[in-house]
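# Per-entry structural report
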Amino acid sequence: LATPQRVRRGIAAVPEARRLFADMSVRENLLIVIEIALAFFFLHAESGLFLIKYVSGFFESLLKFAAEGTTFVFGGMGEKGLAFIFLGVLCPIIFISALI
């Protein structure tokens, strides 16, 4: 096959001496290409957008649980605007990290 035909079929070689980024290995260069392909899929395919919305909804529900737990433990401090960073940011991070 001619080179343009190989590229159209997705067959390509990335020799070690011809890196996309000189300070990165072939493996790292291929990972960048895979990341770009996944980003394109997630942003432009109907199923990719559905998957992103599903994962986003899951994390939104986790954040709601974290907010309910924070309100239960610390009372109305969050509603009064006290310790916003601690209650609004750090507690949800701790909650989600504990689940992982």
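The coordinates are above.
A short tour of the structure in this document, coming up. Since we're looking at a predicted model, the values are computed, not measured.

Now for the side chain of Thr70. Within the fold, Thr70 resides in helix H3 (residues 46-74). Leave out the neighbours within four places in its chain, and Thr70 touches Gly75, Leu87 and Cys91.

Structurally, the position occupied by Met77 is in the loop between H3 and helix H4 (84-99). For the pair Met77 and Leu87, spaced 10 residues apart in sequence, the C-alpha to C-alpha distance is 8.2 Å. Each residue touching Met77, except ones within four places of it in the same chain, is listed here: Leu82, Ala83 and Leu87.

A few words on the packing of aromatic side chains. For the structure shown, the criterion picks out two aromatic pairs. A ring pair is formed by Phe41 and Phe42, whose centres lie 5.4 Å apart and whose planes are at 55°; its orientation type is tilted. Under the relative-accessibility criterion, Phe41 is labelled partly exposed at 35%.

Once that is clear, we can look at a nonpolar patch on the surface. Taken together, the side chains of Phe72, Val73, Phe74, Met77, Leu82, Phe84, Ile85, Phe86, Val89, Leu90, Ile93 and Ile94 define a hydrophobic patch exposed on the protein surface, amounting to about 1,200 Å² of accessible area. Elements that contribute at least two residues to the nonpolar patch include exactly H3 and H4. Among the elements that take part in the nonpolar patch, H4 stands out by supplying seven residues, more than any other. Relative to the helices and strands, Leu82 is located in the loop between H3 and H4. What makes Leu82 partly exposed here is its relative accessible area of 45%.

Parameters and conventions
Every chain is numbered on its own, with residues counted from 1 as its sequence reads. Restriction of local features to residues with pLDDT of at least 70 applies here, the model being predicted, together with a cutoff of 80 or more for giving and counting side-chain atom pairs; totals for whole chains, interfaces and linings are based on all residues. Computation of side-chain values: all heavy atoms of the structure, hydrogens and water removed. Think of it this way: any DSSP run of H or I at least four residues long counts as a helix, any run of E at least two long counts as a strand, and we number them from the N terminus. Contacts between residues were defined by any pair of non-hydrogen atoms, one from each residue, lying within 4.5 Å. Under the pairing criterion, centres of Phe, Tyr and Trp rings, with the six-membered ring standing for Trp, must be within 6.5 Å; the plane angle then separates stacked pairs below 30 degrees from edge-to-face pairs above 60, leaving the rest tilted. Think of it in three bands: residues with accessible area under 20% of the maximum for their type are buried, residues over 50% are exposed, and the middle band is partly exposed, with areas taken using a 1.4 Å probe on protein chains only. For patch building, the residue pool is restricted to those with more than 30% relative accessible area and no salt bridge; the joining distance is 9 Å between like charges and 5 Å between nonpolar side chains (Val, Leu, Ile, Met, Phe, Trp, Tyr). For the area figures, the Shrake-Rupley method with a 1.4 Å probe applies, and any residue is considered shielded solely by the protein chains shown. Between Lys or Arg on one side and Asp or Glu on the other, a salt bridge is scored when a side-chain nitrogen of the former is within 4 Å of a carboxyl oxygen of the latter.

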